Amino acid sequence: MTVDADELRGKVTEFLAANDPAQMDRLEFLRARFDAGLAWVHFPAGLGGLGAARELQPVVDVAFAEAGAPDNKPQLNVIGLGMAAPTILRFGNDEQRRRYLRPLWTGEEIWCQLFSEPGAGSDLAALSTRAVRDGAEWVVDGQKVWTSLAHQARWAILVARSDPDQPKHKGLSYFICDMTAPGVEVRPLRQITGEAEFNEVFLTGVRIPDAQRLGEVGQGWQVALGTLMNERVAIGGRAPAREGGMIGLAAQAWREHPEKRTHGLHDRLLRLWVETEATRLTSIRLRQQLAVGEPGPEGSAVKVAYSEQNQAITGFELEFLGEPGLAYDDWTFRQPEYTDFVKRGPGFRYLRAKGNSIEGGTTEILRNIIAERVLGLPPEIRTDKDRPWKELPR
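Rules behind the numbers
Numbering of residues starts from 1 in every chain and runs along the sequence as written. In keeping with the model being predicted, local features are shown solely for residues with a pLDDT of at least 70 and side-chain atom pairs are shown and tallied solely at 80 or more, while totals for entire chains, interfaces and linings include all residues. Only heavy atoms go into the side-chain values, all of them from the structure, while hydrogens and water stay out. Helix and strand labels come from DSSP, where a helix needs a run of H or I of at least four residues and a strand needs a run of E of at least two; each type is numbered from the N terminus. Summary of the burial criterion: residues with accessible area below 20% of their type's maximum are buried, those above 50% are exposed, and those between are partly exposed, where the area comes from a 1.4 Å probe applied to protein chains only. Two aromatic rings from Phe, Tyr or Trp, using only the six-membered ring of Trp, form a pair when their centres are within 6.5 Å; if the ring planes differ by under 30 degrees the pair is stacked, by over 60 it is edge-to-face, and anything between is tilted. We call a charge positioned over a ring when the NZ of a Lys or the CZ of an Arg lies within 6 Å of the ring centre and within 35 degrees of the ring normal. To obtain each axis, a line is fitted to C-alpha atoms, and for helices this fit is confined to the stretch in contact; angles are then taken between N-to-C directions over 0 to 180 degrees. For classification, angles of less than 35 degrees are called roughly parallel, those exceeding 145 degrees roughly antiparallel, those between 65 and 115 degrees roughly perpendicular, and all remaining angles oblique. By definition, any crossing whose near helix is turned counterclockwise from its far helix by less than a right angle is left-handed, and any crossing with a clockwise turn is right-handed. In what follows, residue pairs with any heavy atoms lying within 4.5 Å of each other are defined as contacts. The residue classification treats Ala, Val, Leu, Ile, Met, Phe, Trp, Tyr, Cys and Pro as nonpolar and Asp, Glu, Lys and Arg as charged. All others, Gly included, are polar. Between the first and last residue of a helix there are one fewer steps than residues, each counted as 1.5 Å, and that sum is the expected span. Bending is quantified residue by residue as the angle between axes fitted to the seven-residue window ending at that residue and the seven-residue window starting at it. Counted as a polar contact is a pair of N or O atoms within 3.5 Å, where, for protein atoms, one must be capable of donating a hydrogen and the other of accepting one, and residues adjacent in sequence contribute only when both atoms are in side chains. Only one rule defines a salt bridge in this text: a Lys or Arg side-chain nitrogen within 4 Å of an Asp or Glu carboxyl oxygen. The pairing criterion for strands is at least two bridges between them, as found by DSSP. Buried Ala, Val, Leu, Ile, Met, Phe, Trp, Tyr and Cys residues that are joined via side-chain atoms within 4.5 Å together make up what is termed a nonpolar core.

A. Fine view of unusual backbone geometry. The backbone of L149 sits at a positive phi, close to 65 degrees, despite the residue not being glycine. Looking at the secondary structure, you find L149 in the loop between β3 (137–144) and β4 (155–161). Assessed through its relative accessible area of 8%, L149 is described here as buried.

B. Focus on the packing of aromatic side chains. In this structure the tally under the stated criterion is 16 aromatic pairs. Aromatic rings pair up to connect F34, W40, F43 and W105 into one cluster. Across from the ring centre of W155, 4.2 Å away, lies the NZ or CZ of R154, which sits over that ring.

C. Spotlight on the packing of helix α9 (residues 298–321) against helix α11 (residues 346–353). It is at 9 Å that the axes of α9 and α11 come closest, and there the two elements cross at 150 degrees. As judged from the angle between their axes, α9 and α11 are roughly antiparallel. Considering only the axes of α9 and α11, their crossing is left-handed. Along the contact surface, α9 presents N310, Q311, T314, G315, E317, L318 and L321, while α11 presents P346, G347, R349, Y350 and A353. The residue inventory of the contact of α9 with α11, partitioned by class, reads 5 nonpolar, 5 polar and 2 charged.

D. Spotlight on helix α4 (residues 78–91). For α4, with 14 residues, the first-to-last C-alpha span of 19 Å sits near the 20 Å given by 1.5 Å per residue. At A84, α4 is deflected by roughly 40 degrees, the largest bend along its length, and proline P86 occurs up to four residues later in sequence. Most of α4 sits out of view: 11 of its 14 residues are buried.

E. Spatial organisation of the side chain of N356. Along the chain, N356 turns up in the loop between α11 and α12 (363–374). Exposure remark for N356: the relative accessible area of 1% places this residue in the buried category. Among the polar contacts made by the side chain of N356, one reaches the side chain of N310 at a distance of 3.0 Å. N356 has contacts with K303, Y306, S307, N310, Q311 and F341, leaving out every residue within four places of it along the chain.

F. Region of the structure containing the pattern of salt bridges. As enumerated under the stated definition, the model contains 31 salt bridges in all. A salt bridge links D6 to R9, with the nearest nitrogen and oxygen atoms 3.1 Å apart. In this pair, D6 and R9 both sit in helix α1 (residues 5–18), 3 residues apart, roughly one turn of the helix. Among the residues examined, R9 registers a relative accessible area of 42% and is labelled partly exposed. Here the salt bridges do not stand alone but share partners, grouping E195, D329, D330, R334 and R344 into one network.

G. Fine view of the pairing of strand β2 (residues 130–134). Sheet topology note: the β2/β3 ladder contains 5 bridges and is antiparallel. From the neighbouring strand, D134 faces β3, where its bridge partner is E137.

H. Geometry of the nonpolar core. Within the largest apolar cluster, 53 residues are counted, with the highest numbers of intra-cluster contacts made by L8, W40, F64, L101, W111, F115 and Y174. Sort the elements by how many residues they give to this core and α4 lands first, with 7 residues. With residues near it in sequence (within four places) discarded, F64 still touches V12, F15, L16, F29, R33, L38 and A69.

Following this line, the structure appears as structure tokens:
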């Protein structure tokens, strides 16, 4: 039976009457909310949802926020919520869904993503991390890089090569890796901002039970594609309020410093504002499309626009503010829980935005995806698709 907005509001009211957030432990409240199907409302019953339409999620979130209820601090587990959860729902078995989804949503267990490697970033299918079957386990050896949240994560979604005799796209398998397992080593990577929100991860003889494999053996590329489509939506498909995000900060600086305005800068700001608003409306349309299906390649276009606009806006803000904008607020080396553009200065925003066109798929690769899978243009010539991975030059 389809659940509408009024029914959802009624369920939230009923839930809050029985579970007072002011009296309950935060974690117990979140667990109860999940069990009541008011976490991801579009997920199946028993897995945090009610089988409702995806676009009704804000109805529930707003109702809980107005009641002063705690949220699950989504900024602290973006990979778990945006990538691991939909992948587990689609490709996991019943036991895996029951085990991982609840503590993921409540934030009890943080997730990271072990995909990119030093020799396999844009060409992810060329990865060389090996997974060798040993009875009921897999033994994994290799190196991953640019791993956000690895220093906090309990679990990781991992793609590894399980059959080097197959072509590169066909010899991969997909696993859930315990980040506390023997053989997992996490090292911070200091960035241009001075912080280390990324890491490199070394895997040496890490044993993963076959029960922690997602999808069939050799199906890793198909599972990874599902994750990556959700990643592009998670990064570029958000729909902030009008004049929210980076453009809001630039507009605020413009209003606060009339003495710095010029006609040329005014023209640039207006162009950026219009482009950002167009991307915001496109994000809303993308979310509406997601309500009736799985994420597709269209998310790549929004992610490209998001990256380029962030870089242009932070560049504008720095130029507009002049010398005060160049003052950097804090070079302290630390591993933050998450990246906060709003609470840091314009210098940080400018430097950190440089990574937007690399993380979550480089702009160059995403343009290929848009050309081939959205516009239907002829695919790029590839000579290595049908050759065994072990024969490819490296």
